Amino acid sequence: MRSLLWLIDNIITLYVYLLIASAVLSWLVAFNVVNVRNPIVSQIGEFLYRVTEPALRPIRRILPNLGGIDISPIILVLGLFFLRNLMFELFASMA
């Protein structure tokens, strides 16, 4: 059971890192620091979009329009941290 808990924890941590990388890349593209016509940047951006967008899209539908500010990654990260801590607490109470 501990190995399964460890695996889920690492998957959540990896997904949080992907969310952060996606947010940073979107800022770099918005401020014209990186060029999306570069094939490597384009592939990385497409990968991050395909990995993070299915989880972010439902949150964006619920949130009101805040102009140019997108707080959906922050809400998703907080939700993932909450699930991870809840999972550890449930495991500790069973043990």
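Parameters and conventions
- Residues numbered from 1 in each chain as written.
- Predicted model: local features only at pLDDT ≥ 70, side-chain atom pairs only at ≥ 80, totals over all residues.
- Heavy atoms only, no water.
- UniProt positions renumbered as here; feature names shortened; annotations may be inferred.
- Helix = DSSP H or I, 4+ residues; strand = E, 2+ residues; numbered from the N terminus.
- Core = buried A, V, L, I, M, F, W, Y, C linked by side-chain atoms within 4.5 Å.
- Buried < 20%, exposed > 50% of the residue type's maximum accessible area, 1.4 Å probe, protein only.
- Contact = heavy atoms within 4.5 Å.
- Polar contact = N/O pair within 3.5 Å; in protein donor to acceptor, adjacent residues only side chain to side chain.
- Salt bridge = Lys/Arg side-chain N within 4 Å of Asp/Glu carboxyl O.

### Description of the UniProt feature "transmembrane region" (unreviewed entry) in the protein
Consideration 1: On the UniProt side, "transmembrane region" (unreviewed entry) is annotated at positions that read residues 12-34 and 62-83 here.
Consideration 2: From the first C-alpha to the last, residues 12-34 spans 28 Å; its make-up is 83% helix and 0% strand.
Consideration 3: Taken end to end, residues 62-83 comprises 59% helix and 0% strand; its first and last C-alpha atoms sit 20 Å apart.

### Thoughts on the nonpolar core
Consideration 1: Counting nine residues, the largest nonpolar core is built from Ile12, Tyr15, Val16, Leu19, Leu56, Ile59, Leu76, Val77 and Leu80.
Consideration 2: Mapped onto this core, the elements with two or more residues apiece are α1 (2-30), α2 (39-62) and α3 (72-94).
Consideration 3: At four residues, α1 tops the list of elements feeding residues into this core.
Consideration 4: Not counting residues up to four positions away in its chain, the partners in contact with Tyr15 are Val51, Thr52, Ala55, Leu76 and Leu80.

### As for the environment of Asn35
Consideration 1: With respect to the helices and strands, Asn35 occurs in the loop between α1 and α2.
Consideration 2: Residues Asn35 and Ala92, spaced 57 residues apart in sequence, show a C-alpha to C-alpha distance of 48 Å.
Consideration 3: Within the structure, the side chain of Asn35 is placed 3.1 Å from the backbone nitrogen of Arg37, a separation counted as a polar contact.

### A look at unusual backbone geometry
Consideration 1: Unusually for a residue other than glycine, Asn32 sits at a positive phi of about 55 degrees.
Consideration 2: Looking at the element boundaries, Asn32 is found in the loop between α1 and α2.

### Section: the pattern of salt bridges
Consideration 1: Following the criterion strictly, the structure yields five salt bridges and no others.
Consideration 2: Across the salt bridge formed by Arg60 and Glu53, the nearest N and O atoms sit 2.6 Å from each other.
Consideration 3: By relative accessible area, Glu53 is classed as buried at 9%.
Consideration 4: Its salt-bridge partner being Asp70, residue Arg60 comes within 2.8 Å of it at the nearest N-O pair. One end of the pair, Arg60, is in helix α2; the other, Asp70, is in the loop between α2 and α3, and 10 residues separate them in sequence.

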